[in-house]
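Structural overview for review
Here's the letter readout for the chains.
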Amino acid sequence: MSKLPDPFLAGMARGWQVTHGERGLPERVTCDVAIVGSGAGAGITAELLTRAGLSVVILEEGPLKTSTDFHQRESEAFASLYQEGGARKTTDEGILILQGRCVGGSTVVNWTSSFRTPPATLAHWQQHFGLNQFTESAMAPWFAQVEQRLNMQPWAAAPNENNALLRKGAEALGMRAGVITRNVKNCWNLGSCGMGCPTNAKQSMLITTIPAALDAGARLFHHTRVQRIEHSGGKATALICEAVRISGDVVSPRTMRVVAKHVVVAGGAINSPALLMRSELPDPHSLLGTRTFLHPVVMSAGVYEQRVDGWSGAPQSIHVDKFVDLAPDGPIGYKLEAQPIYPGTIGVMCGGYGPRLAERVRALPNTHVTLALLRDGFHDQSPGGSVRLNFAGAARLDYPLTDYVLEGARRAFLSMAEIQFAAGARSVLPFHEFAEPYTSWQRAKTAIAELPMQPLMVTLGSAHVMGGCSMAADESRGVIRQDGRHWQIENLSVHDGSLFPTSIGANPQLSIYGVTARLSAGLVKQLTGKDINLV
Ligand SMILES: Cc1cc2nc3c(=O)[nH]c(=O)nc-3n(C[C@H](O)[C@H](O)[C@H](O)COP(=O)(O)OP(=O)(O)OC[C@H]3O[C@@H](n4cnc5c(N)ncnc54)[C@H](O)[C@@H]3O)c2cc1C
Ligand code: SF4
């Protein structure tokens, strides 16, 4: 199979308007629409708006890195493509948070799993937040368009051993294991999606919508952070931008002023509400930054006789949904998937130090890891976290872990261990400070029941950050209206994962693409009178 071409090489040669902030920003730029960020929501918005003939400026604080820069090395990728070098955490350091920070945003480093928003989630939004424009039938055509545009198809090749073991164990216990849909074209099955796709197979925003927007005349500024939004009389009047280095440090006190008729904020959850806070946008009901959700993830490792080589092959191709749709007033639900075995990441997450850690790392070739995504936001006892600003104006996320969420983590440890033993594990290690590798299901069951479920003892991570600028049918319940506009700032919209009033209960990228495609088409209609579709 041949490697697909890097669209940026040809595009830059054709004269795409791309500015590296560190090399100097103009003082003033004007446009119809300025978009903050270049990830999932920003990419879809940029493509639709430029195709409608609007002049668009895309502002991205991270670097422009393309397939020639992707060498399947964690050390390089985390330092250059992730927020805070991959070390972002909640304030108490209880949850590691992975988010992208580069042209293409988190879609450059994501693992390509694609799910429509579960109908139960959309129904909950209607019932609790009045989102009657986001019914299953209203969203279906938008999901279908995105699936076509980004080549989303069920993974047709055999799952790698890391995923096959999840299916084997689940099926041995009578549970259904589904095949995951992925947004790839000519995928080489390398497995390094989390470090940027070196073959351009992953249909991230870097490969699809951002090049389409640049071809249609959009201007892209990277290494360029939007520091604040100026506003007066209920309207955004300018974006104040600063050039930043890859480290995030500001290059100089000089700023660029972007004057746009309309502003779309798409910096992702945590960063979008932080920008609105830094800009002192009105927040009459104190909702901004609240209800930030993470799908807190717990993990469990099984060691097998055979080699697993879980760093190789499509990272996620099998999922188990038996535990995800529990009654909303009951215990928290969780979705099970495989966790790719990137040695640096797993070495940090698996716990232990000295000889114990060395033994765990030595066993990695024979190790399979399952993860459980806890479905937060559907119950009073999982209200999510709150974004706030530190002394320098940078975002921080307080996410108190309630007993309700932590007991869900215990149940997930039990489900994962049972499945791993059913698939033939020699031993199973839940990622918990006081856990040991257990050599039988009986032993694991007793020990997990006794583990102290406390923050910092349970290893928790997240790659799915949602909420903080939630959408609702009235301003007392949300920051953003159903058409994506801010309730108090008329010419400002939010188009990213921060819109969601709960977590999704499934990997969120397709939800973000679908919702923002619908919002962008609505915005095009409002601004130009034209009807537009993604395909
Ligand atoms: C490692 C990893 C694996 C994942 N795997 C999957 C998966 O398999 N399936 C799935 O559905 N989801 C997955 N996700 C999640 C999914 O990719 C994200 O939910 C989605 O990309 C979020 O879209 P967004 O538009 O909200 O923000 P992002 O895509 O995160 O984009 C936001 C962009 O805005 C930029 N930005 C922020 N603030 C500013 C500012 N002030 N000025 C300028 N730029 C700014 C950021 O640098 C970033 O590039 C994964 C995420 C990660 C990190
Ligand atoms: S598995 Fe991921 S990194 Fe490898 S070729 Fe496919 S999309 Fe690219």
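Structural data are supplied above this passage.
First, a word on what this report is: a plain description of the structure on this page. (Residues numbered from 1 in each chain as written. Chains lettered and ligands numbered in written order. Predicted model: local features only at pLDDT ≥ 70, side-chain atom pairs only at ≥ 80, totals over all residues. Heavy atoms only, no water.)

1. Topic: the overall build of the protein
- Per the secondary structure count, the protein includes 13 helices and 23 strands.
- Relative to the compact-globule value of 24 Å for 535 residues, the protein shows a C-alpha radius of gyration of 22 Å, a close match.
- The buried share among the 535 residues of the protein stands at 61%.
- Pairs at least 24 residues apart make up 76% of the contacts formed inside the protein by residues separated by at least 6 positions.
- Of the roughly 19,300 Å² of accessible surface on the protein, a fraction of 51% belongs to carbon and sulfur atoms. (Helix = DSSP H or I, 4+ residues; strand = E, 2+ residues; numbered from the N terminus. Rg over C-alpha atoms; globule rule 2.2 N^0.38 Å. Buried < 20%, exposed > 50% of the residue type's maximum accessible area, 1.4 Å probe, protein only. Contact = heavy atoms within 4.5 Å. Areas by Shrake-Rupley, 256 points an atom, 1.4 Å probe, with all protein chains shown as cover.)

2. Observations regarding the layout of surface pockets
- The computed volume of the second largest pocket comes to approximately 460 Å³.
- Contributing elements (two or more residues each) for the lining of the second largest pocket: helix 3 (74-81), strand 4 (95-97) and helix 9 (343-349).
- By residue number, the principal contributor to the lining of the second largest pocket is helix 9, which donates four residues. (1 Å grid on protein atoms, 1.4 Å probe; cavity = no way out; pocket = protein on both sides within 12 Å on 5 of 7 lines; lining within 4 Å. Points joined across faces, edges and corners; volume = space filled by probe spheres on them.)

3. Focus on the site of ligand 2
- C187, W188, L190, C193 and C197 are the nearest of the 13 residues found near ligand 2.
- A molecule is said to occupy a pocket when more than half its atoms come within 2 Å of that pocket's grid points, and by this definition ligand 2 occupies the largest cavity.
- Its residues assigned to classes, the shell around ligand 2 shows seven nonpolar, four polar and two charged. (Near = heavy atom within 4 Å. Sits in = over half its atoms within 2 Å of the grid points. Nonpolar A, V, L, I, M, F, W, Y, C, P; charged D, E, K, R; others polar.)

4. Examining the packing of aromatic side chains
- Taken as a whole and assessed by the stated rule, the structure comprises five aromatic pairs.
- On the numbers, 4.2 Å between centres and 15° between planes, the contact of F78 with Y82 is stacked.
- Residue F78 is classed as buried on the basis of its relative accessible area, which comes to 14%.
- Between the aromatic rings of W111 and Y342, the centroid separation amounts to 6.5 Å while the plane-to-plane angle is 70°, which identifies the pairing as edge-to-face. You can see W111 sitting in the loop between strand 4 and strand 5 (113-114) and its partner Y342 sitting in the loop between strand 16 (334-338) and helix 9, a full 231 residues away along the chain.
- According to the relative accessible area criterion, W111 is buried, its value standing at 18%.
- Note on Y342: relative accessible area 5%, which makes it buried.
- It is R182 that lies over the ring of W155; its NZ or CZ is 4.5 Å from the centre.
- Looking at R518, its charged tip hangs above the ring of F134, at a distance of 5.4 Å from the centre. (Phe/Tyr/Trp six-rings, centres within 6.5 Å; stacked < 30°, edge-to-face > 60°. Lys NZ or Arg CZ within 6 Å of the ring centre and 35° of its normal.)

5. Points about the site of ligand 1
- Lining the immediate surroundings of ligand 1 are 40 residues, of which E60, S106, S113, G497 and Q509 lie closest.
- Interatomic distance of 3.2 Å between a backbone N/O atom of A40 and an oxygen atom of ligand 1.
- A distance of 2.6 Å is found between an oxygen atom of ligand 1 and a backbone nitrogen or oxygen belonging to Q509.
- Notes on ligand 1: free accessible area 1,000 Å², of which the protein chains cover 98%.
- Looking at the shell around ligand 1, the elements that each hand over two or more residues are helix 2 (40-51), strand 10 (224-232), helix 8 (271-278) and helix 13 (509-528). (Polar contact = N/O pair within 3.5 Å; in protein donor to acceptor, adjacent residues only side chain to side chain.)

6. Overview of the nonpolar core
- With 165 residues, the main nonpolar core has L59, L239 and L492 as its most contacted residues.
- The element that contributes the greatest number of residues to this core is helix 11 (residues 403-422), accounting for ten residues.
- If near-sequence neighbours (up to four positions away) are discounted, L492 is found in contact with I229, A236, H262, V263, V265, L276, L281, G484, R485 and H486.
- One finds V184, C187, C197 and A314 within the second-largest nonpolar core, a separate group that totals six residues. (Core = buried A, V, L, I, M, F, W, Y, C linked by side-chain atoms within 4.5 Å.)

7. Things to note about the environment of T91
- In this structure, T91 sits in the loop between helix 3 and strand 4.
- Sequence separation of T91 and D483 is 392 residues, and the distance between their C-alpha atoms is 33 Å.
- Once residues within four sequence positions are removed from consideration, T91 is found in contact with R388, R396, L397 and D398.
- Within the structure, the side chain of T91 is placed 2.5 Å from the side chain of D398, a separation counted as a polar contact.

8. Comments concerning helix 13
- With 20 residues, helix 13 should cover 28 Å at 1.5 Å per step; its first-to-last C-alpha distance of 28 Å lies within 8% of that length.
- Among the 20 residues that make up helix 13, 14 are buried, leaving the element largely enclosed by the rest of the structure.
- At the C-terminal side of helix 13, G529 shows a positive phi close to 80°. (Expected span 1.5 Å × (residues − 1).)

9. Concerning the environment of Q153
- Summarising the element assignment, Q153 is placed in strand 6 (residues 152-154).
- A sequence separation of 29 residues divides Q153 from R182, and the C-alpha atoms of the two residues are 5.5 Å apart.
- Among residues more than four places away in sequence, those in contact with Q153 are I180, T181 and R182.

10. Overview of the environment of V428
- Examined against the element boundaries, V428 turns out to sit in strand 20 (residues 427-430).
- Assessed through its relative accessible area of 0%, V428 is described here as buried.
- Sequence separation between V428 and T439 is eleven residues; the distance between their C-alpha atoms is 6.6 Å.

11. Some details on unusual backbone geometry
- Phi angles above zero are rare outside glycine, and E93 is one such case at about 65°.
- When you line up the elements, E93 lands in the loop between helix 3 and strand 4.

12. Quick look at empty space enclosed by the protein
- For the structure shown, the criterion picks out five cavities of 30 Å³ or more.
- Looking at the largest cavity, its volume works out to about 110 Å³.
- Lining the largest cavity are 16 residues, with C187, L190, G191, C193 and C197 sitting closest to its centre.
- Of the residues assigned to the lining of the largest cavity, the class counts are ten nonpolar, four polar and two charged.
- Within this model, the second largest cavity holds a volume of roughly 60 Å³.
- Along the walls of the second largest cavity sit S67, F70, V108, G196, C197, N200, K202, S204, L206 and I207, which together make up its complete lining.

13. With respect to the sheet that holds strand 5
- Read across the open sheet, the three strands follow the order 5-8-6; overall the sheet is antiparallel. Across the chains shown, the open sheet's two edge strands, defined by having one partner strand only, are strand 5 and strand 6.
- Bridge analysis of strand 5 against strand 8 (residues 181-183) gives two bridges, and the strand direction is antiparallel. Each residue of the ladder has a partner; that of S113, found in strand 8, is R182. (Pairing = 2+ DSSP bridges.)

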